[in-house]
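Now for the letters of each chain:
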Amino acid sequence: MKRRRILGYGTSAVAASAVAACSKQQSSAVSGDLPRVQWRMATSWPQSLDTIYGGAVTVCDRISALTAGRFTIDPFAAGEIVPGLQVLDAVQSGTVECGHSAAYYYLGKNQALAFGTTVPFGLNAQQQNAWFYHGSGLEAMHKLYADFNVISFPAGNTGVQMGGWFQNNIQTVDDLKGLKMRIPGLGGEVMARLGVNVQVLPGGEIFLALDRGAIDAAEFVGPYDDEKLGLQNAATYYYYPGWWEPGATLDAIVNLDAWNSLPEEYQEVFKTATYEANIDMLSKYDALNGLALKSLVDQGTKLVPYSDDIMKAASEASTALFEENASKDATFKNLYENWKSFRDLVSGWNRVNELSFSKFLEK
């Protein structure tokens, strides 16, 4: 598909967004002679997940506030307009002007989309933001999304996720073989290589599938959202860490024709609102997950770390998957090499500053 014109989202725009986000001013950010625009936003989330669905709400609320109601977007939960895993299709076709989803739900379109959300043993939330905003990651994703007539902006991050709920205790790779597990993205492909029968389900369908035995295990986000879904009532063993999702980014995606029709002032407001949502969601999860984890353990949940056997096998399978995809697809290769170079750089720095500090605190 012919690539469409994409407006830049460089460092200066990010800096402007940061200032606007911190100010939280409710006064109009645009002149009164700009047109009134009303959009719809399809999301991949049920409204009951107030934090992750809340990312979409934050974007919509802030856009309205910063334009004095001249530019409004109505968010819709999964299933209200399209199913949760069809948001990209709806935005691409123009059924809705924008959406809030996870890029890795659409690997069937292009495996490289995984980098827009997270990949196994990849970047944590802060490293992911650094790559997007100052490591050319967002520019790379814009080029990829343009093939689908879409432009994307980070609009939420869950932080390092948990490793999922299991009906039975697992300690070895052999214990994984034959299990039916809900897990999307490249993490799902890695699990498949370890013998898991992978299922991809939207968040609102996980509990019933796990409770009724249609699946044996499931991962979603972390303690706060998982407890809201009631997953502790469907499985006993709660594993960590979520090595396949060390910093999962959620996207606000916009149909390119709709984006290019916006006045520049509204485009800047949209960027600012997504920047706010990105920071706000991660902060909220960090504030809520500790209390939720304690609540789950108090209810009888058994908290279990993945064994070194499973972690090592998953890491090796992840690297093999990346290399194979890169050898077969130039788009994946370009994104992977960009991402890998940045990961090596930022990980080296974080080993010096953050890891050394964390290790000291554990003594």
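Asks: Looking at this model, I keep getting lost on the sheet that holds strand 3 (residues 98-101). Mind explaining?
Replies: Hydrogen bonding along the main chain pairs the strands of a sheet, whether they run parallel or antiparallel. Pairing in this open sheet of 5 strands is mixed, and the strands run 2-1-3-10-4 from one edge to the other. The strands lining the two open edges of the sheet, one partner per strand, are strand 2 (71-76) and strand 4 (150-157). Taking the axes of each pair of neighbouring strands and ignoring which way they run, one obtains an average angle of 25° across the sheet. In this fold helix 11 (residues 264-298) packs onto strand 1 (37-43), strand 2, strand 3, strand 4 and strand 10 (249-255), with an angle of close to 30° to the strand it touches most, strand 4.

Asks: Please explain the pairing of strand 4 as it appears in this structure.
Replies: Along any regular strand the residues' side chains alternate between the sheet's two faces. By the criterion of burial, strand 4 is predominantly enclosed, with 8 of the 8 residues buried. Of the pairings in the sheet, the one linking strand 4 to strand 10 comprises 6 bridges and is antiparallel in character. Residue pairing in the sheet places Asn157 in a bridge with Thr249 of strand 10.

Asks: What exactly am I supposed to notice about empty space enclosed by the protein here?
Replies: The full count for this structure, using the stated rule, is 1 cavity of 30 Å³ or more. Computed from the structure, the largest cavity encloses a volume of approximately 90 Å³. Lining the largest cavity are 15 residues, with Tyr104, Tyr105, Gln161, Val221 and Glu245 sitting closest to its centre. Domain assignment of the residues forming the lining of the largest cavity places at least three in each of domain 1 (37-158 + 247-288) and domain 2 (164-245 + 292-352).

Asks: Please explain the UniProt feature "binding site: Na(+)" (unreviewed entry) in the protein as it appears in this structure.
Replies: UniProt annotation of "binding site: Na(+)" (unreviewed entry) refers to Phe220 when read in the numbering used here. Its location among the elements puts Phe220 in the loop between strand 8 (217-218) and helix 9 (223-229). Exposure remark for Phe220: the relative accessible area of 4% places this residue in the buried category.

Asks: What is the right way to read helix 5 (residues 137-146) from this model?
Replies: The α-helix advances 3.6 residues per turn, and as a result positions three or four apart in sequence lie on the same side. The buried fraction of helix 5 is high, at 8 of 10 residues. Among the residues of helix 5, Gly137, Leu138, Ala140, Met141, His142, Leu144, Tyr145 and Ala146 are the ones counted as buried. Structurally, helix 5 contributes buried residues whose contacts are with helix 3 (87-93), helix 4 (125-134), strand 4, strand 10, helix 10 (256-261) and helix 13 (330-362).

Asks: Looking at this model, I keep getting lost on the pairing of strand 2. Mind explaining?
Replies: Where strand 1 lies against strand 2, 6 bridges are found, and the strand directions are parallel. Residue pairing for strand 2: Val37 is matched across the bridge by Phe71. Between the parallel elements strand 1 and strand 2, the chain passes through helix 2 (residues 52-66) in a crossover that is right-handed.

Procedures and definitions
Residues numbered from 1 in each chain as written. Predicted model: local features only at pLDDT ≥ 70, side-chain atom pairs only at ≥ 80, totals over all residues. Heavy atoms only, no water. Pairing = 2+ DSSP bridges. Helix = DSSP H or I, 4+ residues; strand = E, 2+ residues; numbered from the N terminus. Axes fitted to C-alpha atoms, helices over the stretch in contact; angles between N-to-C directions. Contact = heavy atoms within 4.5 Å. Buried < 20%, exposed > 50% of the residue type's maximum accessible area, 1.4 Å probe, protein only. 1 Å grid on protein atoms, 1.4 Å probe; cavity = no way out; pocket = protein on both sides within 12 Å on 5 of 7 lines; lining within 4 Å. Points joined across faces, edges and corners; volume = space filled by probe spheres on them. Domains from an automatic or database assignment. UniProt positions renumbered as here; feature names shortened; annotations may be inferred. Right-handed = clockwise from strand over helix to strand, strands pointing away.

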